Amino acid sequence: MIIDFEKIPEAHLTGFKGGEGHLDTRNYVDGHVKIMYSTLRPGASSGLHTHVGNSEIIFVISGTLTFHYDDTVEECRAGQCHYCPMGHSHYMENLTDHDAVYFAIVPEHGK
């Protein structure tokens, strides 16, 4: 199965999960997984959230994202991956002056 993000309409979100600023995203969603190709704009963030019944893998394509993962702060650069297992909490911010582009997968566990 090929997922062509160019054929998925882009959503322009403000305050994603209670965060700040702008997120542009193209998402494939079925009952088992969310697969997202997204751009977090400079100064933007997601809101803090806990992964209940799922986990999240985020691969940074370009730019840098700062993750607040449980009690730690981690900087994730292009070519690196952030993982938030089920039962853990995180949020991300783009503290730079350029876009951060990433690919995220959120598999649903137990479905």
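Refer to the preceding data block for the structure.
Residues numbered from 1 in each chain as written. Predicted model: local features only at pLDDT ≥ 70, side-chain atom pairs only at ≥ 80, totals over all residues. Heavy atoms only, no water.

Caption draft 1: Local environment of the overall build of the chain. When its secondary structure is counted, the chain shows 0 helices and 10 strands. Mapped from its N terminus to its C terminus, the chain presents α and β elements in the order β-β-β-β-β-β-β-β-β-β. Its C-alpha atoms give the chain a radius of gyration of 13 Å, within 12% of the compact-globule value 13 Å for 111 residues. Taken over 111 residues, the chain has a buried fraction of 41%. The chain carries 7 positive and 15 negative side-chain charges, and their two centres are separated by 7 Å. (Helix = DSSP H or I, 4+ residues; strand = E, 2+ residues; numbered from the N terminus. Rg over C-alpha atoms; globule rule 2.2 N^0.38 Å. Buried < 20%, exposed > 50% of the residue type's maximum accessible area, 1.4 Å probe, protein only. Lys, Arg positive; Asp, Glu negative; His and termini not counted. Charge placed at Lys NZ, Arg CZ, Asp CG, Glu CD.)

Caption draft 2: Seen up close, the pattern of salt bridges. This structure, assessed with the given rule, holds 4 salt bridges. A salt bridge links Arg-26 to Glu-10; the shortest N-O distance between them is 4.0 Å. Note that Arg-26 is positioned in strand β2 (residues 22-29) and Glu-10 in the segment before β1 (11-14), a separation of 16 residues in sequence. One salt-bridge network, in which partners are shared between bridges, spans Asp-24, Arg-41 and Asp-99. (Salt bridge = Lys/Arg side-chain N within 4 Å of Asp/Glu carboxyl O.)

Caption draft 3: Summary view of the nonpolar core. Formed by 14 residues in total, the largest nonpolar core has its most connected members in Leu-40, Ile-58, Leu-65, Phe-67, Met-92, Tyr-102 and Ala-104. Listing elements by their share of this core, those giving two or more residues are β3 (33-40), β5 (56-62), β6 (64-69) and β10 (100-107). Here this core takes 4 residues from β10, the largest share from any one element. Excluding residues that lie within four positions of it along the chain, Leu-65 makes contacts with Leu-40, Ile-58, Val-60, Glu-74, Glu-75, Cys-76, Met-92, Glu-93, Asn-94, Ala-100 and Tyr-102. (Core = buried A, V, L, I, M, F, W, Y, C linked by side-chain atoms within 4.5 Å. Contact = heavy atoms within 4.5 Å.)

Caption draft 4: Fine view of the environment of Val-106. Within the fold, Val-106 resides in strand β10. Judged by relative accessible area, Val-106 falls into the buried class, the value being 5%. Each C-alpha atom of the pair Val-106 and Glu-10 lies 18 Å from the other, and the pair is 96 residues apart in sequence.

Caption draft 5: Expanded view of the pairing of strand β7 (residues 72-77). Note: β6 against β7, 6 bridges, orientation antiparallel. By the bridge assignment for β7, Thr-64 is matched with Arg-77. Connecting the antiparallel pair β6 and β7 is a turn made up of 2 residues, with Asp-70 showing a positive phi of about 50 degrees. (Pairing = 2+ DSSP bridges.)

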